[in-house]
Amino acid sequence: MDHIEKPISLEPQALLCDESLFCVANGYIGLRAAFEEGYSGGSNNIPTVRGLYANGFYDIIDMKQAEPLHGLVDRKQTIVNLADVQGMDLWADGQPFSMFTGKIMASKRRLDFVTGTYERQVIWQTDSGCTLEISIGRMASFAHPSIMMIDYRITPRNQEVKLHLRSGHEGDVRNMSDPNDPRLASHSVRNMLVEKVALLPAEETTISCITAKTARSGLSVATAVVHKIYEDKKAELRDAVRISEDENRICDHESTMSDHEATLSAYKDVISDCETTSTGAVHSFTIKVSANTSIRIVKFIAVCDLLRHGTGFAQGAVDELHHAMAGGPERLYAAQTAYLKRFWHHSAVEIKRDDDGAIDTAMRYNQFILLQSAGRDIHANVAAKGLSGEGYEGHYFWDTEMYLQPFFLLTQPEICKNLIAFRYATLDAARNNARALGHKSGALYPWRTINGEECSGYFVSGTAAYHINGAVANAVEQYWLATGDDDFLMDKGLEIVLEIARLWLDVGHLSGGEFHIHGVTGPDEYTCLVDNNYYTNALAQKNLRFAVRAADHLGGEHCRRLGIGTDELTGFAQAAAAMRLPFDRNLEIHAQDDSFLSKPPWTHTAIPPEQHPLLLHYHPLTLYRHQICKQADTVMAYYVCGMEPDDTMARSYAYYERITTHDSSLSRCMFSIVAAMLGDADKAGAYLADTVGLDLNDSHGNTKDGIHTANMGGSYMALVYGLAGLRFRDEGVVLCPRLPEGWQGYSFRFVYRGALAEVKVDRQGSSCRVLEGSANIVMEGSNR
């Protein structure tokens, strides 16, 4: 399906979850899907997070260490809630509209992946019997990233009604917090300080503009709001709501107007006003509307910040609104649809199984949310929760390089390029981070960050995760293999890769003829500060070899520019050749690290479900002393490092599968990919089915804090890199498709070196057809 849709639940957890699931964003700004009118009228203290976020826009807060040892992080960046721009309170003949009062005759939410719009549709009856159809749409424009809209339509069905609408624009906001969850901010502070509230005249309306500054980071932002009342003609309506003649229900169709086309003259005694407070503004409208006549009020919202727009950011927000109003909402809708048509042309995926199509819909939902989440400039990346919530405080992790760039690399390579460019822009900060940790050369990327500085307060499972360096270098390598972009490799990629290679040489050492890396943490956060983590060492080996290859490919001139000589390249090659990769001869498996297999196993299947994730219920030392894994670690190395399947891989996979809890949303997709590598298509398909709908099903119980971008990227990887076996090699793209039982087939499109190709797999076989351009694509097997 090309959309998700469901009835509106008023259960508190469902409301918070849906705020995340139905968010609208465009890579720059994002708005959670709280009710415009709030949750008034319901049970007391229904929680809500009315968040408006800008990617890469942050404040700084203190992070006190109980023992402030040298080099520990004492402050961090955090994404900030910019303003509350979504408040719109409606009264009908004096009664406030609420989903908790009056009578809800029908309701649903819908997020459309083709039009890029969200809509809440309600049929509501007042205590006095007046029936209103209410349709509230939202859109964050991909074509005009500073702009979003709230499109509010009201149609009284059985009588004339006096409507009063108060639309808020409030700058006095705070971030969410939860002191009991380490994945969230521990306390709430006022990050945004309102500096100015201005009212500016516009054609037949008024613009409110709030200028605010962060408390400590020195960043400023302007949010601007304006409203327009439009004639609600048939040609302008998009999937509005109506009451069918035989029953009260919501139906999709092209028009609610029947024979009654509204014009502005149909609205009686229109009164509008705008007033300010010290921190915001309220726009109000009072209108009498006849029965079966629709009123449409569009709220245009603009966001511009100092990072992107310079010192003229406030005027920039106002100018954006004038531009949006001049074109009107329909032009913005048309541009949104055109943008998404191009996106799906390159990104189309279809999964056919013997079920209700839920996996196919979930996959498309994930792709759409990833597009909404990815930054498009050097100031931004992809936060763990995208722009849908404040979980992990808006920080960027290794998630981007390992789980998200593989998706964009095959569908939107320019976005992939921009994400790597962010790492290049923060390379100096990574060098400084390495020096702070005692390294004399190289660069170490922070485990979690927004501006390039480390934000990890718990270094044991944060800063010690040096494998993030491997993820960044691997992203450069994969981008180059997929695009052949030598210019980017020369301008940015080579320097990143060489600085990471230098770091590996500095942190590691030769002993007994092997190159060791001590005191690091691998992907498994239930096993920390170990010697020779298999994944980390294997990835370091891969990075070192690519550094040598990239330097040789580009030639001596570029190496001299970066201060790289023959001796240093020789050192990279020697370290890679001598890299220690732990192996247990008794079990004949790869050991996760030098000591892991000497620890007592912990049968996690005996742990009650309510005690997961274990990190919230067991002391870290308890976890570190056992053979128990939060997520794929050694198993992940097999995929990332392109290893060939063999008996050792199969035994290792089976061993680690038994002791992995999958408490991390990043885990199941990797087990799916490696299952496919080992030829077990059914297990690969089962893992994919478990992971693809994680957010739509709220499988981890924390979608309320924001969606899980890495899991979304991982589900795509499980299909394309797992079941389809797609790999980049020197000779071109290689595919080895497999098809699980219960699947009729699947298809997907991908971009490779400017060419567009389509893969189709079904019970009759598999094929790959180049649709645009030319590319060398090798099919290594059929759907066995």
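The paragraphs below set out a description of the structure included in this document.

What counts as what
Residues numbered from 1 in each chain as written. Predicted model: local features only at pLDDT ≥ 70, side-chain atom pairs only at ≥ 80, totals over all residues. Heavy atoms only, no water. Salt bridge = Lys/Arg side-chain N within 4 Å of Asp/Glu carboxyl O. Helix = DSSP H or I, 4+ residues; strand = E, 2+ residues; numbered from the N terminus. Buried < 20%, exposed > 50% of the residue type's maximum accessible area, 1.4 Å probe, protein only. Contact = heavy atoms within 4.5 Å. Polar contact = N/O pair within 3.5 Å; in protein donor to acceptor, adjacent residues only side chain to side chain. Pairing = 2+ DSSP bridges. Axes fitted to C-alpha atoms, helices over the stretch in contact; angles between N-to-C directions. Parallel < 35°, antiparallel > 145°, perpendicular 65-115°, else oblique. Left-handed = near helix turned anticlockwise from the far one by under 90°. Nonpolar A, V, L, I, M, F, W, Y, C, P; charged D, E, K, R; others polar. 1 Å grid on protein atoms, 1.4 Å probe; cavity = no way out; pocket = protein on both sides within 12 Å on 5 of 7 lines; lining within 4 Å. Points joined across faces, edges and corners; volume = space filled by probe spheres on them. Phe/Tyr/Trp six-rings, centres within 6.5 Å; stacked < 30°, edge-to-face > 60°.

Turning our attention to the pattern of salt bridges. Scanning the entire structure with this criterion turns up 40 salt bridges. Notably, a salt bridge pairs Lys76 with Glu393, separated by 2.8 Å at the nearest N-O pair. Taken together, the residues span a long stretch of sequence, with Lys76 in strand 6 (residues 75-79) and Glu393 in the loop between helix 5 (358-373) and helix 6 (399-411) at a distance of 317 residues. No difference in accessibility class separates Lys76 from Glu393, as the two residues are buried. Sharing partners across several salt bridges, the network here consists of Asp428, Arg431, Glu495, Glu499, Arg502 and Glu568.

The next subject is the side chain of Thr286. Locating Thr286 in the fold gives a position in strand 18 (residues 280-289). A relative accessible area of 16% means that Thr286 is categorised as buried.

Structurally, Ser672 can be placed in helix 17 (residues 668-677). Sequence separation between Ser672 and Leu688 is 16 residues; the distance between their C-alpha atoms is 6.1 Å. Here Ser672 is in contact with Ala684, Tyr687, Leu688 and Ala718, once residues within four sequence places are set aside.

Judged by how many residues are buried, helix 1 (residues 12-21) sits mostly within the fold: eight of ten residues are covered. For helix 1, the elements touching its buried residues are strand 1 (3-6), strand 9 (103-112) and helix 5. Residue Glu11 occupies the N-cap position of helix 1, its side-chain oxygen lying 3.1 Å from the main-chain nitrogen of Gln13.

Let us now look at the sheet that holds strand 25 (residues 727-729). If you walk across this open sheet you meet the three strands as 25-26-30, and the pairing is mixed. Because the sheet does not close on itself, it has two edges, and the strands there are strand 25 and strand 30 (777-779). If you compare each strand with its neighbour and ignore which way they point, the axes differ by 30° on average. Direction of pairing for strand 25 relative to strand 26 (residues 732-735): antiparallel, over a ladder of three bridges. Residue pairing in the sheet places Arg729 in a bridge with Gly732 of strand 26.

Let us look at the packing of helix 6 against helix 19 (residues 709-723). Put simply, helix 6 and helix 19 touch, their axes get as near as 8 Å, and they point 55° apart. Overall, the two elements helix 6 and helix 19 adopt an arrangement that is oblique. Here helix 6 and helix 19 pass one another in a crossing that is left-handed. Between helix 6, through Asp399, Met402, Tyr403, Leu404, Pro406, Phe407, Leu410 and Thr411, and helix 19, the contact on the second element is made entirely by Thr709, Ala710, Gly713, Gly714, Tyr716, Met717, Val720 and Tyr721. Taken together, the residues of the contact of helix 6 with helix 19 sort by class into eleven nonpolar, four polar and one charged.

A word on the layout of surface pockets. Each pocket or cavity is described by its volume, and for the second largest pocket that value is around 1,000 Å³. In terms of lining, the second largest pocket is formed by 44 residues, of which the most central are Tyr639, Cys641, Gly642, Met643 and Arg727. Broken down by secondary-structure element, the contributors of at least two residues to the lining of the second largest pocket are helix 6, helix 9 (467-483), helix 11 (534-554), helix 15 (634-640), helix 17, helix 19 and strand 25. For the lining of the second largest pocket, the class distribution of residues is 24 nonpolar, eight polar and twelve charged.

With respect to the helices and strands, Arg753 occurs in the loop between strand 27 (743-752) and strand 28 (755-762). In sequence terms Arg753 and Ala429 are 324 residues apart; their C-alpha atoms lie 32 Å from each other. Among the polar contacts listed, one links the side chain of Arg753 to the backbone oxygen of Leu481, at a separation of 3.0 Å.

Here we come to the environment of Ala475. Considering the arrangement of structural elements, one finds Ala475 in helix 9. A sequence separation of 183 residues divides Ala475 from Arg658, and the C-alpha atoms of the two residues are 30 Å apart. Beyond its immediate sequence surroundings of up to four residues, Ala475 is in contact with Glu401, Gln405 and Ile420.

Before going further, it helps to examine the packing of aromatic side chains. Evaluation of the coordinates by the stated rule reveals 29 aromatic pairs. When the ring of Tyr39 is compared with that of Phe100, the centres are 6.5 Å apart and the planes differ by 75°; the resulting orientation is edge-to-face. Note that Tyr39 is positioned in the loop between strand 3 (29-31) and strand 4 (52-54) and Phe100 in the loop between strand 8 (95-96) and strand 9, a separation of 61 residues in sequence. A ring pair is formed by Tyr392 and Phe397, whose centres lie 5.5 Å apart and whose planes are at 75°; its orientation type is edge-to-face. By relative accessible area, which is 24% here, Tyr392 ends up partly exposed.

As a further point, take the side chain of Asn543. Mapped onto the elements, Asn543 comes out in helix 11. Setting aside residues no more than four positions away along its own chain, Asn543 makes contact with Asn469, Gly470, Ala473, Asn474, Val497, Ile500 and Trp504.

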